[in-house]
Amino acid sequence: MKFFVDTAEIEPIRELAATGLLDGVTTNPSLIAKSGLDFKEVTAEICKLVDGPVSAEVVALDHETMMKEAEVLRRIADNVCIKVPLTVDGLKTCKALTGEGTMVNVTLCFSANQALLAAKAGASFISPFVGRHDDNGFDGMDLIEDIRLIYDNYAYATEILVASVRHTGHVLQAAKIGADVMTAPPKVIHDLFKHVLTDKGIEGFMADWAKTGQSIL
Ligand code: E4P
């Protein structure tokens, strides 16, 4: 499963990119607002830090203006992936852009039928928001299972990008279901490394090693 980080903050991206485990980045208008940074400038900087797809979202709601915004955004770098909302105009834009060879991430997906539409529109990625789904009394992971089944039924190439990830349990479930990608805030990705028995094990090994009086170097 590919790991994307869901942030527009440069330092956490740089730190995760250095682990060699980061496959891409997702941003959205709220994350850009939170960063306080210039959208086009920060997108260019992120694209230099990561080789994989960097999602940059259009903010227009009509197809014509979405296309104009996408034109500006995709000129920033080859790894820009245009993010469009799951609306009629968004999917029209998706179809046009993917037809021209541009990567598209269809966002704000809350149903398997919406995911089916996105695949038919040729989306590179579909972003079902599991956390927001859970917040509203549904089970976000059921949605991922349904989308996996449908995409496999028809061998759609659209990658399932599990979004709105709130905790490590979401990551585990996404991997068990066979999602292609998950995007999570930096904290959740860092939490994946942690286990109390790993810390305890290191402590024990270090204490015993000290008793040997030896050194490897
Ligand atoms: C995904 O691309 C979105 O940016 C993100 O995962 C939304 O997460 P949230 O529901 O925590 O805002």
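Placed above this text is the structure.
Residues numbered from 1 in each chain as written. Predicted model: local features only at pLDDT ≥ 70, side-chain atom pairs only at ≥ 80, totals over all residues. Heavy atoms only, no water.

Visitor: Explanation requested: the layout of surface pockets in the structure shown.
Guide: Leftover empty space is mapped by rolling, across the atoms, a probe with the size of a water molecule. In this structure, the largest pocket occupies an estimated 330 Å³ of space. In terms of lining, the largest pocket is formed by 20 residues, of which the most central are Asp6, Asn28, Leu31, Arg132 and Ser164. The element that contributes the greatest number of residues to the lining of the largest pocket is helix 2 (residues 29–35), accounting for three residues. (1 Å grid on protein atoms, 1.4 Å probe; cavity = no way out; pocket = protein on both sides within 12 Å on 5 of 7 lines; lining within 4 Å. Points joined across faces, edges and corners; volume = space filled by probe spheres on them. Helix = DSSP H or I, 4+ residues; strand = E, 2+ residues; numbered from the N terminus.)

Visitor: When you look at the site of the ligand in this model, what are you seeing that I'm missing?
Guide: In the vicinity of the ligand, the contacting residues are Asp6, Thr26, Asn28, Lys83, Phe129, Arg132, Ala163, Ser164 and Arg166. Arg166 places a side-chain nitrogen or oxygen 3.0 Å from an oxygen atom of the ligand. When the ligand sits alone it has 340 Å² of accessible area, and the protein chains cover 86% of it. Each residue belonging to the shell around the ligand can be placed in one class, and the counts come to two nonpolar, three polar and four charged. (Near = heavy atom within 4 Å. Polar contact = N/O pair within 3.5 Å; in protein donor to acceptor, adjacent residues only side chain to side chain. Areas by Shrake-Rupley, 256 points an atom, 1.4 Å probe, with all protein chains shown as cover. Nonpolar A, V, L, I, M, F, W, Y, C, P; charged D, E, K, R; others polar.)

Visitor: Can you help me understand the packing of helix 6 (residues 112–120) against helix 8 (residues 140–154) in this one?
Guide: When two helices pack together, their arrangement is given by the angle between their axes and by how far apart the axes lie. As a packed pair, helix 6 and helix 8 sit with axes 9 Å apart at the nearest point and diverge in direction by 40°. Judged by the angle between their axes, helix 6 and helix 8 are oblique. Note that helix 6 runs across helix 8; the crossing there is right-handed. Of the residues in helix 8, those touching helix 6 at Ala112, Ala115, Leu116, Ala118 and Ala119 are Leu143, Asp146, Ile147, Ile150 and Tyr151. The residue inventory of the contact of helix 6 with helix 8, partitioned by class, reads nine nonpolar, no polar and one charged. (Axes fitted to C-alpha atoms, helices over the stretch in contact; angles between N-to-C directions. Parallel < 35°, antiparallel > 145°, perpendicular 65-115°, else oblique. Left-handed = near helix turned anticlockwise from the far one by under 90°. Contact = heavy atoms within 4.5 Å.)

Visitor: Explain a nonpolar patch on the surface here, please?
Guide: On the surface, Leu21, Leu192 and Phe193 cluster together to form a nonpolar patch covering roughly 280 Å² of accessible area. In this fold, Phe193 is placed in the loop between helix 10 (186–192) and helix 11 (196–212). (Patch = residues over 30% accessible without salt bridge, like charges linked within 9 Å, V, L, I, M, F, W, Y side chains within 5 Å. Salt bridge = Lys/Arg side-chain N within 4 Å of Asp/Glu carboxyl O.)

Visitor: I tried to follow unusual backbone geometry on my own but got confused; where do I start?
Guide: Glycine aside, the phi torsion of most residues is negative, and most peptide linkages are trans. One non-glycine residue, Ala155, lies in positive phi territory at about 50°. Relative to the helices and strands, Ala155 is located in the loop between helix 8 and strand 7 (159–162). A relative accessible area of 67% places Ala155 in the exposed class. In this structure, Ser164 is a non-glycine residue whose phi angle is positive, near 60°. Within the element layout of this structure, Ser164 appears in the loop between strand 7 and helix 9 (168–177). (Buried < 20%, exposed > 50% of the residue type's maximum accessible area, 1.4 Å probe, protein only.)

Visitor: What is the right way to look at the environment of Val188 in this model?
Guide: Counting through the fold element by element, Val188 comes out in helix 10. The sequence separation of Val188 and Ile46 amounts to 142 residues, and the corresponding C-alpha distance is 19 Å. For Val188, the residues in contact, after removing those within four places along its chain, are Val165, Arg166, His167, Thr168 and Val171.

Visitor: What exactly am I supposed to notice about the packing of aromatic side chains here?
Guide: The way to describe two aromatic rings as a pair is by their centre distance and the angle between their planes. According to the stated counting rule, one finds four aromatic pairs in the structure shown. Between Phe110 and Phe129, the aromatic rings sit 5.7 Å apart at their centres with planes inclined by 65°, giving edge-to-face as the arrangement. One end of the pair, Phe110, is in the loop between strand 5 (104–109) and helix 6; the other, Phe129, is in the loop between strand 6 (125–128) and helix 7 (130–135), and 19 residues separate them in sequence. Assessed through its relative accessible area of 30%, Phe110 is described here as partly exposed. Residue class for Phe129 comes out buried when judged on its relative accessible area of 8%. Ring centres 5.8 Å apart and planes at 75° place the aromatic pair Tyr151 and Tyr156 in the edge-to-face group. Chaining the aromatic ring pairs together yields one cluster made of Tyr151, Tyr154 and Tyr156. (Phe/Tyr/Trp six-rings, centres within 6.5 Å; stacked < 30°, edge-to-face > 60°.)

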